[in-house]
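Here is what each chain is made of, one letter per residue.
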Amino acid sequence: DWSSDVCSSDLDANTIMNFGFPDNLKYLNLEFCFNDTLADSSLVGCGCHCKTDTVKFFLYNSLEKKCVFTMHFFIEEKFNNIFSKLKISERHVYLQHIATNSLYRKQGIASFYLNKLIGFCANNDIHIIVLDACPDSSDETNALNRSELTNFYNNFSTDEVKIQII
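Because the structure is predicted, anything quoted here is derived from the model rather than measured.

*Asks:* Would you mind going over the environment of threonine 54 in detail, with residue names and values included?
*Replies:* Topologically, threonine 54 is positioned in strand E3 (residues 54–61). A sequence separation of 22 residues divides threonine 54 from glutamate 76, and the C-alpha atoms of the two residues are 9.2 Å apart.

*Asks:* So what about the pairing of strand E4 (residues 66–76)? Which residues, and what values?
*Replies:* Within E4, 10 of the 11 residues are buried, which leaves the element mostly enclosed by the surrounding structure. In this structure, E3 lies alongside E4, joined through 8 bridges in antiparallel fashion. Within E4, the residue paired with threonine 54 across the bridge is phenylalanine 74. Turn length for the E3-E4 hairpin, with the two strands adjacent in sequence and antiparallel, is 4 residues, and the turn residue lysine 65 shows positive phi of about 55 degrees.

*Asks:* Pulling in residues and values, what's your account of unusual backbone geometry?
*Replies:* Backbone geometry follows two general trends: most residues other than glycine have a negative phi, and most peptide bonds adopt the trans configuration. Even without being glycine, asparagine 29 reaches a positive phi, approximately 60 degrees. Although it is not a glycine, lysine 65 sits at a positive phi angle of roughly 55 degrees. Within the element layout of this structure, lysine 65 appears in the loop between E3 and E4. In this structure lysine 65 comes out as exposed when scored by relative accessible area, which is 62%.

*Asks:* Describe the environment of glycine 20, and please don't skip the residues or the numbers.
*Replies:* Turning to its location among the elements, glycine 20 is positioned in the loop between helix H1 (13–17) and strand E1 (30–33). Distance in space between the C-alpha atoms of glycine 20 and leucine 30 is 9.8 Å, their sequence separation being 10 residues. Those residues in contact with glycine 20 that lie beyond four places of it in its chain are Phe32, Phe112 and Tyr113.

*Asks:* Can you explain the pattern of salt bridges? Please cite residues and give values.
*Replies:* The tally for this structure, following the rule as stated, stands at 3 salt bridges. Salt-bridge contacts for arginine 146 lead to aspartate 132; the nearest nitrogen and oxygen are separated by 3.1 Å. With arginine 146 in helix H4 (residues 146–154) and aspartate 132 in the loop between strand E8 (128–131) and H4, this pair connects stretches of sequence that are 14 residues apart. According to the relative accessible area criterion, arginine 146 is partly exposed, its value standing at 38%. One salt bridge connects aspartate 159 with lysine 162, and the closest N-O pair in it is separated by 3.9 Å.

Reading the values: rules and limits
- Residues numbered from 1 in each chain as written.
- Predicted model: local features only at pLDDT ≥ 70, side-chain atom pairs only at ≥ 80, totals over all residues.
- Heavy atoms only, no water.
- Helix = DSSP H or I, 4+ residues; strand = E, 2+ residues; numbered from the N terminus.
- Buried < 20%, exposed > 50% of the residue type's maximum accessible area, 1.4 Å probe, protein only.
- Pairing = 2+ DSSP bridges.
- Contact = heavy atoms within 4.5 Å.
- Salt bridge = Lys/Arg side-chain N within 4 Å of Asp/Glu carboxyl O.

Below, the structure written as structure tokens:
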């Protein structure tokens, strides 16, 4: 159970909603969702929430009744996974899941929210985001392969917030 390694931070629904929406999607009448009521389980999975140090949300297009994007991350004090050589002994964000509905890919949505997550980290003295570059195998339309995903994520690494791919 990773929750024993979680620490306090300024993470709540307002923090996420303050991320806002990409300008090019404002016409879609998007809303943030933090529960599973409207979720498309094939994109979002289940267990949407917003707690002290963990959030899983999705964007819902109420006009088209579609899930557009989802992100799940949590803050933890250390990372020591038996399946990875990566070991981190400082506070970091683990990006568990990020996905864009294939109908909305290639519009900068994932980039927008990765930048928002990096900004959140920088503002909360968190200098590492850990993630696994996993291609979407359920709908490969406009999807990136693992190599392309790795390059995509590495482009977001900054001097202040590093991306660590496991």
